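So the chains spell out like this:
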Amino acid sequence: MAANPNDDEEVFDDTPAFIDMNSAVEVDVPDANVDDADDDDAMMDDEAMADADEALASKMEGAPPTPAAIVDQSKATFNSHTDAVYAVASHYDLMTHTLSIASGGGDDRAYLHHVTTSAAADGTPQLAQTTAPLSHPHTDSISCVAFNTPYIDADVSGKVQKNLLAVGSYDGSIVLYDPSNGDLVTVLEGPSDVEWTTFHPKGGTVLLAGSVADGTIWMYHCPSKSCLQVFVGHEGGVTAGAFTPDGKLVVTVGQDGTCRVWAPKTGMSKHVFRLMEQLGGVGDGQPGPGLTCLAVGGGQDGKMAICGGEDGKAYVVHVSGKKLVATLPHFEVKQQQQQHIGDGMDDEDMEEEARSVEAVGFCPPDVPGTAGWCATGGVDGVLKVWNISSGAAQLRQRCAREDRPDSGITRLRWHASLPLVLCSYTDGTVGAWDARSGGMVGSMT
């Protein structure tokens, strides 16, 4: 039975399943000796067949390769979200062997996951995992999540503070939960939207949150559920922020191309690094390139900050010395032009091509032989390792994937005690790179 695409009625094939000799028709068959000079119209000669094969091979050579099947290498998988996951934070408890994970996404939901490791009777490690939805009914995507647990031991008051999980959303709400059971503690109201959150490194009782919609930064005292300061000064959205490791300063970066240093106690601006003013932007009424990401804690005194920009560069500043230490030229214009020379891209296309630096980070001081090292990652899919110990930008390694060079880097993180950099990519892969040799030591999918 064959279906007629233009009619809903069924059409039956009534061709006989056998030959009826009464309906057979005699046909003339050409003699084999007849001149076949006109056979070129009916059959391709060897030369034509060769040309067709060559054309097909050429077409197939230029066709995009069939994507390889993704192998799930994870030890545990959580399928709670129904939309993209935008934020993830975790903390591992050495005493209970429990990994706590918070996640938030475009489905306006946040979840708390726990993975506990135990040993079976034969010594084989076993994983037990649980997932609980967090209760607050958000009306927009979850943008950020953060635990204060790593900072509780450093409380200057000597009092053991409460473990907290902060969940920020584009609906402007900041919700605090108990990470042990997911119980709601309180809801903090503040900016028009919440782009990022971070806890104070001394005790974890103070929370910092930044907004892209209104360009403000809010600082809260979690035990009293009160707002301590509102930092105002950015002329555009605030894309990232952090306390310095000693907790004495606040550093923020924004879409206005500035890196700003604040005094937490007074809320006053200590210094403004106008890193992109010369490229246009707020000053001339036209939107210019902004700063996208931030990392603090660099240098021997921990007072260096590095921020990535949409102009393809990263900037290292000393927040106490109020000095621009180095400019790191991450994006390679010449190399990109060489890669696309066969694509017919002109200079205008190259100027419009995305070149933003999306991830930055300093190598931890506990990694031996890496003093002054930092890393940058961009939408060009390249990870670069730099040495700024001499005050100049020295490129040590350029790390790029050969299998998917078009996959951009979204985040990077240095290993706490090894010279390794972990990078997440837009194709869902996580790569581990040796910062000394520049080689990939592992790929996780």
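Given the structure is predicted, the values throughout are model-derived calculations rather than measurements.

Colleague: Got a minute to help me understand the overall build of the protein in this structure?
Modeller: If you tally the helices and strands in the protein, you get 3 helices and 30 strands. About 25200 Å² of surface is accessible on the protein, with carbon and sulfur atoms providing 52% of the total.

Colleague: Teacher, can you tell me more about the nonpolar core here?
Modeller: In summary, soluble globular proteins display a tendency toward joint burial of nonpolar side chains. Counting 17 residues, the largest nonpolar core has Cys259, Leu275, Leu291, Leu294 and Cys307 as its most contacted members. Put simply, the parts of the chain that give this core at least two residues each are strand S15 (238–243), strand S16 (250–254), strand S17 (258–262), strand S19 (291–298), strand S20 (304–309) and strand S21 (313–318). If we skip the residues at most four places from it in the chain, Cys307 touches Val253, Cys259, Leu275, Leu291, Cys293, Leu294, Lys313, Ala314, Tyr315 and Val360. Counting 16 residues, the second largest nonpolar core, distinct from the first, contains Leu383, Cys399, Leu412 and Tyr425.

Colleague: Is there a simple way to explain the pairing of strand S24 (residues 373–378) in this structure?
Modeller: Regular strands have side chains that alternate between both faces of the sheet. In terms of burial, S24 is largely enclosed, as 6 of its 6 residues are buried. Two strands pair when backbone bridges link them, and S24 and strand S25 (residues 382–387) are joined in this way by 5 bridges, in the antiparallel orientation. Bridge pairing links Trp373 to Asn387 in S25. Connecting S24 to the antiparallel partner S25 that follows it, the hairpin turn spans 3 residues, and Gly381 within it adopts a positive phi of roughly 80°.

Colleague: Is there a simple way to explain the pattern of salt bridges in this structure?
Modeller: Should their charged atoms come close, side chains of opposite charge can pair. Counted according to the given criterion, the structure contains 10 salt bridges. We note a salt bridge from Arg401 to Asp403, for which the minimum N-O separation is 3.1 Å. Overall, the relative accessible area of 54% leaves Asp403 in the exposed class. Between Arg436 and Asp434 there is a salt bridge whose closest N-O contact spans 3.3 Å. The class of Arg436 is exposed, set by a relative accessible area of 51%.

Colleague: Whenever I open this one, the sheet that holds strand S22 (residues 323–329) confuses me. Can you help?
Modeller: Through backbone hydrogen bonds, the strands of a sheet pair up, either in parallel or in antiparallel fashion. The 4 strands lie next to each other as S19-S20-S21-S22, forming an open sheet whose pairing is antiparallel. Sheet topology places S19 and S22 at the edges, where each strand pairs with a single neighbour. Strand-to-strand twist of the sheet, defined as the mean angle between neighbouring strand axes without regard to direction, takes the value 20°. With 6 bridges connecting them, S19 and S20 associate as antiparallel partners. Note on S20: the bridge partner recorded for Ala295 is Ile306.

What counts as what
- Residues numbered from 1 in each chain as written.
- Predicted model: local features only at pLDDT ≥ 70, side-chain atom pairs only at ≥ 80, totals over all residues.
- Heavy atoms only, no water.
- Helix = DSSP H or I, 4+ residues; strand = E, 2+ residues; numbered from the N terminus.
- Areas by Shrake-Rupley, 256 points an atom, 1.4 Å probe, with all protein chains shown as cover.
- Core = buried A, V, L, I, M, F, W, Y, C linked by side-chain atoms within 4.5 Å.
- Buried < 20%, exposed > 50% of the residue type's maximum accessible area, 1.4 Å probe, protein only.
- Contact = heavy atoms within 4.5 Å.
- Pairing = 2+ DSSP bridges.
- Salt bridge = Lys/Arg side-chain N within 4 Å of Asp/Glu carboxyl O.
- Axes fitted to C-alpha atoms, helices over the stretch in contact; angles between N-to-C directions.

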